[in-house]
Structures are given as C-alpha cells and as structure tokens.
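Inside the fold
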Amino acid sequence: MENLVAQGTPGVIARADLGRRSWQGSAGVAELDRNRPRVPAEHFRIGSVTKTFTAVTVLKLEAEGRLSLQDSVEAWLPGTLDDTGYDARRISIRQLLNHTSGVFDILQDRGFVDRYRGPAFLEHRYDSWTPESLVGIATAHPPLFAPGAGWSYSSTNYLLAGMIIEAATGESYADAVRTRVLRPLRLHGTVVPGFSPTLPKPHALAYSRLFVDAPDADIYDATEFNPSLAGAAGEIISTTRDLNRFFRALFAGRILPVPQQRELLTGVDTGRGYHYGLGVRTYRLPCGTRWGHDGDILGSVTRTVSTADGRHVLSVNTNDNWHDDDLMTEVFTAEFCR
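The structure contained in this document is the topic of the report that follows.

Rules behind the numbers
- Residues numbered from 1 in each chain as written.
- Predicted model: local features only at pLDDT ≥ 70, side-chain atom pairs only at ≥ 80, totals over all residues.
- Heavy atoms only, no water.
- Phe/Tyr/Trp six-rings, centres within 6.5 Å; stacked < 30°, edge-to-face > 60°.
- Helix = DSSP H or I, 4+ residues; strand = E, 2+ residues; numbered from the N terminus.
- Buried < 20%, exposed > 50% of the residue type's maximum accessible area, 1.4 Å probe, protein only.
- Lys NZ or Arg CZ within 6 Å of the ring centre and 35° of its normal.
- Axes fitted to C-alpha atoms, helices over the stretch in contact; angles between N-to-C directions.
- Parallel < 35°, antiparallel > 145°, perpendicular 65-115°, else oblique.
- Left-handed = near helix turned anticlockwise from the far one by under 90°.
- Contact = heavy atoms within 4.5 Å.
- Nonpolar A, V, L, I, M, F, W, Y, C, P; charged D, E, K, R; others polar.
- Expected span 1.5 Å × (residues − 1).
- Pairing = 2+ DSSP bridges.
- Salt bridge = Lys/Arg side-chain N within 4 Å of Asp/Glu carboxyl O.
- Core = buried A, V, L, I, M, F, W, Y, C linked by side-chain atoms within 4.5 Å.
- Polar contact = N/O pair within 3.5 Å; in protein donor to acceptor, adjacent residues only side chain to side chain.

1. With respect to the packing of aromatic side chains
Per the stated rule, a full pass over the model turns up nine aromatic pairs. Ring geometry for Trp151 against Tyr274: centres 6.1 Å apart, planes inclined by 90°, an arrangement best described as edge-to-face. With a gap of 123 residues between them, Trp151 in the loop between helix 7 (131-138) and helix 8 (155-169) and Tyr274 in the loop between strand 8 (268-269) and strand 9 (275-276) connect regions that are remote in the sequence. Take Trp151: its relative accessible area is 10%, and that puts it in the buried class. Consider the rings of Phe247 and Phe251, whose centres lie 5.9 Å apart with planes at 35°: the pair is tilted. Linking Phe247 with Phe251, this pair stays in helix 10 (residues 240-251), spanning four residues, or about one helical turn. Through pairs of rings, three or more aromatic residues link up here, namely Phe53, Phe246, Phe247 and Phe251. Its end group placed over the ring of Phe225, Arg45 keeps NZ or CZ at 4.3 Å from the ring centre. A cation sits over an aromatic face here: Arg281 above Tyr283, 4.0 Å from the ring centre.

Structural data, given as structure tokens:
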C-alpha cells in the first residue's frame, strides 16, 4: 500500500478478513491539501464491483422463480433494442451477466466519454441519465459479435440487467438490491445512490485525471458527480467492511441456493488471462486462483479478492484512478501468498 502512495496515489485503505480475524490499514491521505489521513471506515464508490451486486440480485430473482437466465432480453424489455442492429430475441440474461452478448460498451462511445474528459467534467458532472438513454447511445454502435460468439466486457450489459430487475420485480433497481442483498446481510454502510451526487461521511476526496492519458495531466477533485452515468453497472457506494462481509457470504454459499451458486461460478475464458462468471471473475496470483471483482470509476478504484470458500477476503480502495495495476496486484499477493 505504501508503494502505491510512493508512486503517486493520494491514499489507500484496506481490510482483510481471515476466519474470525480482521486487519485494517491505510496509507497516504484523504485530502491532498489538508494532509488528512485516510481511515478504514470511509465510504467510497465501488465502480464495477456493483456488477456483483446486480448479478446476485438477478440470481436471487431466478431462485424466486421470477425469471430464468435463459430468458431473452426481448422477453423482458420488448422493443428496447429495436432498430439498432441487435436481435434481442437471441441475447439471454446469462449472456448479459457473463459479457458474451456482443453488446457495445457505453464506455467506448467517444461522445459519452468526452462529456467527462478533462474540464468538460465540470460542466456535466451533475447530468442525469436513464439506463434507457445510455443503452440507446451504446446500441447506436453495431454488435461486436453474435450473441455467445465471443467475450467483451461491456457495462451496457449490466444497464440492461438493471432494467430487467425492475421489469421482473416492479421495484426500482435500488429497492430490489436493498431487499435481496443489503438488508439481509446488514450492509448498513452500502448505498445505492440513484441520482444523488454525494458520498456519506466519512469519505476521502476522489482524485482523477478524467480520461486524459498523460503523466502530467491535470488532477481534478471528482468526489461529487451524478452516479446515474453508471447505474446498475457501477453506481454503488460501500465500505471495506461491507464488501468483505458481502463477498465472504457470497463465496461461502450463504446468499444463493446451490443451482444459482453453480451458475455464479461457471466462468467463461475471456482470452485475457482470467475467467468471468456471473458478476465475478478470477485472479491469478502466484499462490493460486482467487475470485472477486474490480471497479474503476472517477477518482476511485476498488478491488475485492477472496478465496473460493469466502474464508479469506481482502478489499482495497484508492482515491485515484491512475495508479499502476501491478502495484495493486502486489497488495493481494502480499496478503494471500506471503
């Protein structure tokens, strides 16, 4: 963690749980100007770790008999992909969750990203988005491949999954996640913020170069923004304690019935050195394979990695999104492979 700070990350927090033992630590600062240290109890945006919460909610709905992973997008969202070059009848919910749908990633649309690039962020940070509008931008691009014919990470898949959750429950995405995941596990520090741009206290400031890929790029305070730009693919706020509690219960088999747990961990080869299940992925460490997910959103990078049985889990957050990923991997290697 101190190595991350030494190479330019403002601050890092982490929590490890192993059996009944816990460790918490921090390095660096929560605010560059005030030299305030980070503390393990902070709230932070978890970015794409949200996808795990979304996938688990969908799997809970399957266990309730409300939907099937085999169902098509068209069955739940009729007309959503009409006139876009996509055949929603051939895209299944499972293919959304494991990124084999071929649906274009909203984060690869230059016009969308340019709204948040550099100083443009200051003008658009409070813009509101509906998942339908984001899906519309993404699917103006042609499919990357036929459903099931390849693998490509796409946040658009999870925007569609969030819309299906709402269609299947008659509830908002936030209420469905709270009812099925947050309340049963008593994840009191975890928030589905919707359109709210603020973070609960305590929290660090979030620093970002805002999609400007240059070592001397200006650094912005990106703490506040409307998280509807990420929706069910990346909007959730949490803590290291809650993330560890969630992933420990998930991999220990205490959230999903056996059939859905099997689906969760049935990974497809991404061709990038890891397998992706339904909202979870593998990590290759020198001492073996671990499971978890990572998230990268404006000014915040989060990773949670766990043993397959959930007994040993580590969550780490940095309040930047420009650090060397290899240094983050070294944090997990130090914890799991020492």
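2. Overview of the packing of helix 2 (residues 50-63) against helix 10
Where helix 2 contacts helix 10, the axes come no closer than 12 Å and their chain directions differ by 40°. Taken together, the axes of helix 2 and helix 10 are oblique relative to one another. Relative to helix 10, the crossing made by helix 2 is left-handed. On the side of helix 2, the interface is formed by Thr52, Phe53 and Val56, while helix 10 contributes Leu243, Phe246, Phe247 and Leu250. Residues that form the contact of helix 2 with helix 10 fall into these classes: six nonpolar, one polar and no charged.

3. Looking at helix 8
An α-helical turn contains 3.6 residues, so any two residues separated by three or four positions project in the same direction. With 15 residues, helix 8 should reach 21 Å at 1.5 Å per residue; the first-to-last C-alpha distance of 22 Å fits that figure. Within helix 8, 13 of the 15 residues are buried, which leaves the element mostly enclosed by the surrounding structure. At the C-terminal side of helix 8, Gly170 shows a positive phi close to 75°.

4. Concerning the pairing of strand 10 (residues 281-285)
Among the five residues of strand 10, four are classified as buried, and the element is accordingly described as predominantly covered. Judged from the five bridges that link them, strand 10 and strand 11 (residues 288-297) form a sheet pairing that is antiparallel. The residue bridging Leu285 from the neighbouring strand is Gly288, located in strand 11. If you look at the hairpin formed by strand 10 and strand 11, you'll find two residues sitting between the two strands.

5. Considerations on the pattern of salt bridges
Throughout the structure, instances matching the rule amount to 18 salt bridges. We note a salt bridge from Asp17 to Arg15, for which the minimum N-O separation is 2.9 Å. When sorted by exposure, Asp17 lands in the same class as Arg15, which is buried. Here the salt bridges do not stand alone but share partners, grouping Glu64, Arg66, Glu171 and Arg180 into one network.

6. Describing the nonpolar core
Core analysis: the biggest nonpolar cluster contains 76 residues, and Phe53, Leu97, Phe112, Val181, Phe246, Leu250 and Ile255 have the highest contact counts within it. Those residues in contact with Ile255 that sit more than four places away from it in its chain are Val56, Lys60, Leu185, Phe246, Ala249 and Leu250. In this structure, Tyr283, Leu285, Val301 and Met328 belong to the second largest nonpolar core, which totals 15 residues.

7. Section: the side chain of Arg15
Tracing the backbone shows Arg15 in strand 1 (residues 11-18). You can call Arg15 buried: its relative accessible area is 15%. There is a polar contact of 3.2 Å between the side chain of Arg15 and the side chain of Ser22. With residues up to four places along the chain from it excluded, the contact list for Arg15 reads Ser22, Trp23, Gln24, Thr240, Arg241, Asn244, Val313, Leu314 and Ser315.

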